[in-house]
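This is what each chain is made of:
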Amino acid sequence: MNFVRSLFVFITLLTCLVISVHGQAAPRPGGSGTRIGFYSTTCPTVETIVRNAVTAGFRSNPRIAPGILRMHFHDCFVQGCEGSILITGANTERTAVPNLNLRGFEVIDNAKTQLEAACPGVVSCADILALAARDSVLLTRGISWPVPTGRRDGRVSSASDANNLPGPGDSVAVQQQKFSALGLNTRELVVLAGGHTIGTAGCATFRNRLFNSTTGPADPTIDPTFLAQLQTQCPQNGDASVRVDLDTGSATTFDTSYFNNLSRGRGVLQSDQVLWTDPATRPIVQQLMSPRSTFNAEFARAMVKMSNIGVLTGANGEIRRVCSAFN
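The structure reproduced in this document is the subject of the present report. Not measured: the values here are computed from a predicted model.

Some points on the overall build of the protein chain
At step 1: Per the secondary structure count, the protein chain includes 13 helices and two strands.
At step 2: By residue count, 52% of the 327 residues in the protein chain fall in the buried class.
At step 3: A separation of at least 24 residues holds for 76% of the contacts in the protein chain among residues at least 6 apart in sequence.

Thoughts on the packing of aromatic side chains
The relation between two aromatic rings is expressed through the spacing of the ring centres and the mutual angle of the planes.
At step 1: All told, the structure shown has 10 aromatic pairs when counted by the stated rule.
At step 2: Summarising the aromatic geometry, the rings of Phe77 and Phe179 are spaced 4.9 Å apart at their centres and angled 65 degrees between planes, so their arrangement reads as edge-to-face. Of this pair, Phe77 sits in the loop between helix H3 (64-76) and helix H4 (105-118) while Phe179 sits in helix H6 (residues 172-180); the two residues are 102 residues apart in sequence, bridging distant segments of the chain.
At step 3: Ring geometry for Phe254 and Phe295: centres 5.5 Å apart, planes at 10 degrees, overall stacked. In this pair, Phe254 sits in the loop between strand S2 (243-245) and helix H10 (257-263) while Phe295 sits in helix H13 (residues 295-306), placing the two residues 41 residues apart along the sequence. Each member of the pair Phe254 and Phe295 is classed as buried.
At step 4: The ring of Phe105 is capped by Arg94, whose NZ or CZ atom sits 3.7 Å from the centre of that ring.

Section: the pattern of salt bridges
At step 1: Under the definition given, this model contains 10 salt bridges.
At step 2: Here Lys112 makes a salt bridge to Glu116, at a shortest N to O gap of 2.9 Å. Here Lys112 pairs with Glu116, and both are found in helix H4, just four residues apart, close to one helical turn. Take Lys112 and Glu116: they sit in the same class, and that class is buried.
At step 3: Here Arg155 and Glu318 are joined by a salt bridge, their closest N and O atoms 3.3 Å apart. Of this pair, Arg155 sits in the loop between helix H5 (125-139) and H6 while Glu318 sits in the segment after H13, placing them 163 residues apart in sequence.

Description of the state of the cysteines
At step 1: This structure, assessed with the given rule, holds four disulfides.
At step 2: Between Cys43 and Cys119 runs a disulfide, and the two sulfur atoms are separated by 2.1 Å. The chirality of the disulfide connecting Cys43 with Cys119 is right-handed, given an S-S dihedral of about 75 degrees. Taken as a pair, Cys43 in the loop between helix H1 (2-21) and helix H2 (46-60) and Cys119 in the loop between H4 and H5 lie far apart in primary sequence, 76 residues in all.
At step 3: The disulfide bridge from Cys203 ends at Cys234, spanning 1.9 Å between sulfur atoms. When the S-S torsion is -70 degrees, as for the bridge of Cys203 with Cys234, the disulfide is left-handed. Here Cys203 is found in the loop between strand S1 (200-202) and helix H8 (208-211), whereas its partner Cys234 is found in the loop between helix H9 (224-233) and S2, with 31 residues between them in sequence.
At step 4: Overall, the relative accessible area of 0% leaves Cys203 in the buried class.

Reading the values: rules and limits
- Residues numbered from 1 in each chain as written.
- Predicted model: local features only at pLDDT ≥ 70, side-chain atom pairs only at ≥ 80, totals over all residues.
- Heavy atoms only, no water.
- Helix = DSSP H or I, 4+ residues; strand = E, 2+ residues; numbered from the N terminus.
- Buried < 20%, exposed > 50% of the residue type's maximum accessible area, 1.4 Å probe, protein only.
- Contact = heavy atoms within 4.5 Å.
- Phe/Tyr/Trp six-rings, centres within 6.5 Å; stacked < 30°, edge-to-face > 60°.
- Lys NZ or Arg CZ within 6 Å of the ring centre and 35° of its normal.
- Salt bridge = Lys/Arg side-chain N within 4 Å of Asp/Glu carboxyl O.
- Disulfide = S-S within 2.5 Å.

Shape is all these values report; function is a separate question.
See the structure below:
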């Protein structure tokens, strides 16, 4: 564990140095109320506790890494980054269809239990999730970045609010509209989509591309060899819950392979593959898949920006005692 902690600190410092040298420092939040080191005096061990909880969960089940990263993304896109996705109960965000296959809730709960013992009533669940998302990327050999903290937890969680989450069949235009509404530009859209370099998707989310496309029996943008592979994994009348790697050949490593796969017609989700076929986003994909790609540094900056969407600070919201329930 000491080795893991030392490696984490080293990579974080190295990342900050590299980003600084290239003039790509992660943006300081503008007026959001969050800041680096928010808990430096009130709960100085917060990042260590969260990191250890995520590491333990990852060793038990590596699928929690992409699960937590998606969870943070889905949380921020609905009512802002205020932990509403963590609430259990009827008709909460967690019960919405796009969130049914998220993984890692127990890791967030474990971290919260330990933090309540160390620093009662101090650290929000929204901050735990933001930190855990960063740690999940690092554990899959991705980049680390300083995470601004100081978020408070929301008091509303409704499944109907999740209806506008980006979907697996969205065109680039629809994705641009959804991201722009939250202050994220087209480049940040493509960069954040690169989070699909880890994780899987259920057959139900893309099987329509394999057998029943609006342009014919199958989506012609799919590489023929890859199409046959997907049809074998997801037969027309097969189990819709079967999971398929989003980044074929590199689904457990945070890298640029995802963008290379798009260029070869090997994007699993339609919303991913259109990033290559649409002229508005193809040049961005080409840049991110190049040998001199700045994907890691750009992903870190985009995550910091996304993690400040609609945050509650100051006297707003609450600090939950248990992440899955309002106080």
